[in-house]
Amino acid sequence: MAEPPIESHEDRVERLFEEAAERPPDQRRAFLETATASSDGTPDLELVEEIERLLAADLQAERYFEAASRRLAGTADALTEQVDSVVGERIGPWRVGKQIGRGGMGAVYLANRDDGVFDQTAALKLVRPGLAPDLAERFRAERQILASLGHPGVAQLLGGGVTDDGRPWLAMEYVNGEPITAYCDRHQLGIQARLQLFLEMCDAVAYAHRNLVVHRDLKPSNVLVAEGARRGQVKLLDFGVAKLLASSGDTPVTASGVRPYTPGYAAPEQILGLAVTTSTDVYALGVLLYELLTGRRPHPMSSGTPAVVERAVLESDPTRPSESVQVPTRPPSGETTSVDELARLRKATPQALRRRLQGDLDRIVLKALEREPERRYGSAEALARDVQRHLEGLPIEARPASRWYRFNRFARRHRVGVAAGSVGVLALAVGLGLALWQGRVAAEERDRAEQVALFMTDLLGEFDPSRTGGTLDPVRVLDQAVQRLENRAHQSSDVQAQIYDGVGRIYQDYAQYDEAERLIRRALALRRQLHGPVHLDVAASLGHLASLRAVQGDHAVADSLYQEAIGLYERLDARDSPDAASSIRGLGRIRRAQGRPEEGVLLVREALAIQQAALVPDAAEVLATQSDLATLLYNTGAYAESDTLFREVLAQYRETLGAHPNTAQALSDHAAVLNARGESNEAIEAHREALAIRREVFGDNHPRVAQSLSYLGWALQGQGRADEAEPLYREALEIRRAAFGSEHISVANSLLMLGEAQVLRGDWDSGLRFEGLAIRTYRSVLGSEHPSTLSAEIRYAAHLAEAKQEETARSLLRRALPGLREAFGADHEKTRSAEATLARLER
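Conventions we followed
- Residues numbered from 1 in each chain as written.
- Predicted model: local features only at pLDDT ≥ 70, side-chain atom pairs only at ≥ 80, totals over all residues.
- Heavy atoms only, no water.
- Buried < 20%, exposed > 50% of the residue type's maximum accessible area, 1.4 Å probe, protein only.
- Helix = DSSP H or I, 4+ residues; strand = E, 2+ residues; numbered from the N terminus.
- Arc of directions from axis to C-beta.
- Core = buried A, V, L, I, M, F, W, Y, C linked by side-chain atoms within 4.5 Å.
- Contact = heavy atoms within 4.5 Å.
- Patch = residues over 30% accessible without salt bridge, like charges linked within 9 Å, V, L, I, M, F, W, Y side chains within 5 Å.
- Areas by Shrake-Rupley, 256 points an atom, 1.4 Å probe, with all protein chains shown as cover.
- Salt bridge = Lys/Arg side-chain N within 4 Å of Asp/Glu carboxyl O.
- Lys, Arg positive; Asp, Glu negative; His and termini not counted.
- Charge placed at Lys NZ, Arg CZ, Asp CG, Glu CD.
- Axes fitted to C-alpha atoms, helices over the stretch in contact; angles between N-to-C directions.
- Parallel < 35°, antiparallel > 145°, perpendicular 65-115°, else oblique.
- Left-handed = near helix turned anticlockwise from the far one by under 90°.
- pLDDT = per-residue confidence, 0-100.

A. Quick peek at helix 13 (residues 350-357). Taken together, the buried positions of helix 13 are Pro350, Ala352, Leu353, Arg356 and Leu357. Buried residues of helix 13, seen end-on, are gathered within an arc of 165° and therefore sit on one face of the element. Directly beyond the C-terminal end of helix 13, a positive phi value near 90° is found at Gly359.

B. Representation of the nonpolar core within the structure. One finds Ile180, Phe198, Met201, Leu236, Leu285 and Leu383 to be the most contacted residues of the largest nonpolar core, which totals 72 residues. Tallying contributions element by element places helix 6 (residues 191-210) first for this core, with 12 residues. What Leu383 contacts, discounting residues up to four positions off in sequence, is Phe198, Cys202, Val282, Leu285, Ile364, Ala368 and Tyr377. If you look at the next biggest cluster of nonpolar residues, it comprises 38 residues, including Ala497, Ala539, Leu568 and Ile584.

C. Local environment of a negative patch on the surface. A grouping of Asp11, Glu14, Glu18, Glu22 and Glu315 is seen on the molecular surface, where their side chains present a negatively charged patch. As for its placement among the helices and strands, Glu315 is situated in helix 10 (residues 306-315). Its relative accessible area of 53% is what places Glu315 among the exposed residues.

D. Just the packing of helix 27 (residues 639-656) against helix 28 (residues 661-676), in detail. Packing of helix 27 against helix 28 brings their axes to within 9 Å, and their N-to-C directions diverge by 155°. With respect to each other, helix 27 and helix 28 are oriented roughly antiparallel. Of the two elements, helix 27 crosses helix 28, and the hand of that crossing is left-handed. In this structure, helix 27 uses Tyr639, Ser642, Asp643, Phe646, Arg647, Val649, Leu650, Tyr653 and Arg654 to contact helix 28, whose residues at the interface are Asn662, Thr663, Ala666, Leu667, Asp669, His670, Val673, Leu674 and Ala676.

E. Summary view of unusual backbone geometry. The backbone phi angle of Asp573 is positive, close to 55°, even though this residue is not glycine. Within the secondary structure layout, Asp573 lies in the loop between helix 23 (555-571) and helix 24 (578-593). Positive phi, close to 70°, is recorded for Lys804, a residue that is not glycine. In this fold, Lys804 is placed in the loop between helix 34 (787-802) and helix 35 (806-824).

F. Broad picture of the pattern of salt bridges. Per the counting criterion, the structure on display carries 45 salt bridges. Close ionic contact of Arg549 with Asp554 constitutes a salt bridge, the shortest N to O distance being 2.6 Å. What makes Asp554 partly exposed here is its relative accessible area of 23%. The salt bridge involving Glu793 is made with Arg779; its shortest N-O contact spans 2.7 Å.

G. Representation of the confidence of the model for the chain. Averaged over every residue, the pLDDT of the chain is 77; residues scoring 70 or more account for 76%. Helix 16 (residues 403-413) is the least confidently modelled element of the chain, averaging 42 in pLDDT, while helix 9 (residues 278-294) averages 93, the highest of any element. Long-range and interchain partners of residues 1-5, a stretch whose pLDDT sits below 50, account for zero contacts in this model, where long-range means more than four residues apart. In the model, residues 460-472 has pLDDT below 50 throughout and makes 13 contacts with residues more than four positions away in sequence or in other chains.

Structure representation (structure tokens):
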């Protein structure tokens with residue numbers, strides 16, 4: 001059994017100090033004597049006295065801050081009686097109404113302009129006497145800067161002055177809203193929506209900083225959210241007021257001896273009375289972000305008194321956001337909130353919330369909360385930029401604290417007990433070892449990055465008009481890029497595999513399936529050779545190959561490949577990774593194509609849960625999976641849920657992507673739901689919009705254009721407009737034949753649609769001929785018992801019956817009915833329709 005680690009003197013002092021501080025003062029001495037006693041029961045009196053000196057100093061500081069707080073609270077209470085008498089009075093051009101707030105600086109009233117110039121409502125802040133005796137003189141110098149802040153997220157300063165009896169007042173834009181934290185909880189906003197509101201807050205702070213104004217007192221009550229037409233709008237209050245209320249210079253100390261900041265949101269430099277800069281606001285933004293994400297404060301503390309809060313900020317490191325949401329705590333200002341409740345308010349489970357905060361968000365928040373200003377984000381804009389990069393799935397600038405930095409922090413906290421010589425030796429050893437390790441890893445990463453960058457530079461060069469003559473053929477560009485790649489034998493197998501895989505998937509998007517398969521299989525072979533058969537990169541290549549075979553209609557092979565990929569993810573304990581979710585989602589789509597939509601729903605729901613826990617809500621992968629789920633729900637007849645989900649997805653796509661292939665796909669899929677719900681005109685418009693997007697993005701000869709042509713034709717045909725549908729079907733058929741050849745399921749779909757349109761127009765011979773070709777293709781590609789084959793056969797049989805080819809129709813229906821009952825159930829409309837048609841023929 002391993003020996004427990006030896007506790008250093010400094011660690012022991014720190015531990016005993018914290019344990020003693022939690023006990024009543026009259027019990028501390030006895031506790032320390034017992035805790036420091038040797039084996040013979042003799043206490044270490046020198047150690048006891050050292051800790052008692054620390055406790056005495058801590059108590060003195062706490063008493064000081066509590067006394068200051070009582071002075072401030074007492075003054076505020078006294079102010080209540082004094083200022084309440086101003087209700088109904090006129091201050092400047094304002095008639096004072098009811099009191100709407102009160103704080104340490106004074107009271108706030110609702111006021112209306114009363115000078116006959118125009119109607120206006122304001123929040124009038126009446127500052128308590130003695131807080132800032134030179135406010136009038138400094139206000140004249142500052143108010144033009146503050147009044148010029150024209151940002152929609154900043155509540156404007158409307159005026160100010162000093163009353164006849166010497167009380168300073170400020171008139172601010174009145175905002176009818178609630179604190180941002182309360183707003184987010186009341187609306188149960190998810191992490192994504194909270195981050196979007198936070199970005200609005202950062203934008204307003206950054207604007208003020210560009211105008212040389214620092215807030216100095218950012219906290220929830222100064223960040224309100226007013227309900228707008230579309231969603232809440234962030235409004236920041238009291239910009240520059242803390243500076244106006246400062247007695248002098250850069251250190252805002254009031255006449256009462258209390259600095260005008262809020263413990264818990266104040267930066268360490270404010271607590272220490274050092275210079276206040278824009279970095280001070282960055283720290284407060286970090287606290288607000290922490291609270292929005294977790295419902296907690298960054299630093300653990302035993303009580304909410306100013307002394308305890310300030311000591312925690314100065315002496316303890318913030319808890320990681322992802323860790324803070326795992327245990328119930330009693331916040332300084334409220335009751336204990338359970339872990340489940342915290343997660344519910346953020347539309348998540350406790351496990352999903354922890355995973356959502358791990359990584360990027362932990363790093364972003366902790367960088368904003370660095371104790372040293374120079375280690376924080378350089379500006380509110382830089383902080384916002386990292387949050388935005390996280391939302392977009394891009395690498396962030398924040399990185400975990402290095403080992404050297406953590407060691408340096410440790411040495412500074414325990415400088416008394418760490419001998420100078422040992423610190424130097426340890427620092428040298430740690431620094432040298434870490435530098436060598438990081439240098440090797442960095443060199444490898446840099447080499448790979450340079451190789452990929454060189455390839456991408458060559459690829460992008462093909463988009464240069466001077467080399468292409470002003471015309472651009474994307475497939476030709478890809479062909480030349482692959483040729484250059486294959487000529488670079490010096491590149492590592494890892495880099496080659498990465499590029500082969502990526503370019504192969506681009507070929508797939510351009511419907512160049514043979515070349516796509518060649519490259520993806522080559523990447524798979526290289527990765528197996530490099531890493532062995534069980535590796536995450538191998539699983540990723542298998543998933544990409546499965547996706548390609550699914551697009552080609554080879555559902556059995558795609559099913560097998562997806563299952564092989566998912567099996568690897570499970571063996572590597574990575575089934576809950578986004579890459580694994582892609583394969584699980586793909587398998588769900590295959591189950592739908594195989595006529596098993598209920599299984600597909602379960603698989604796609606699993607994939608969506610994984611992605612929602614690991615990615616931002618509007619990530620492309622999440623939205624695509626939601627769209628797939630909506631389609632599968634439609635296939636199972638859950639039209640209402642499918643419609644709701646499609647509308648949510650489309651709203652996100654329109655906002656984030658605009659005219660994009662993903663938007664087009666969601667429009668096409670949603671149109672099917674609209675059609676099923678009887679909203680055929682809306683379905684046709686959705687199909688037309690999807691077709692226009694796809695023509696613009698892919699050109700006129702892409703299989704996805706053919707898909708939109710077919711869907712639009714089907715919707716028109718449903719309105720009895722078969723004459724308009726037929727040319728659309730013909731165009732789709734030609735595109736699909738050119739892309740896939742004659743033996744493909746999508747070609748069979750086009751043949752069947754074209755045949756039905758001709759039958760509806762009265763061209764029976766041609767229509768039945770096309771339908772017969774479709775049936776033969778279905779049987780050849782999918783097999784005779786596939787649900788799609790059976791569905792096509794009953795449609796064909798119904799038309800044969802109408803054409804008086806009754807014996808052929810009866811034969812088809814008798815053969816298809818057992819399979820229909822097994823695939824869809826006895827009560828499904830397809831089964832009942834086939835039975836009804838057969839019954840008519842039998843009569």
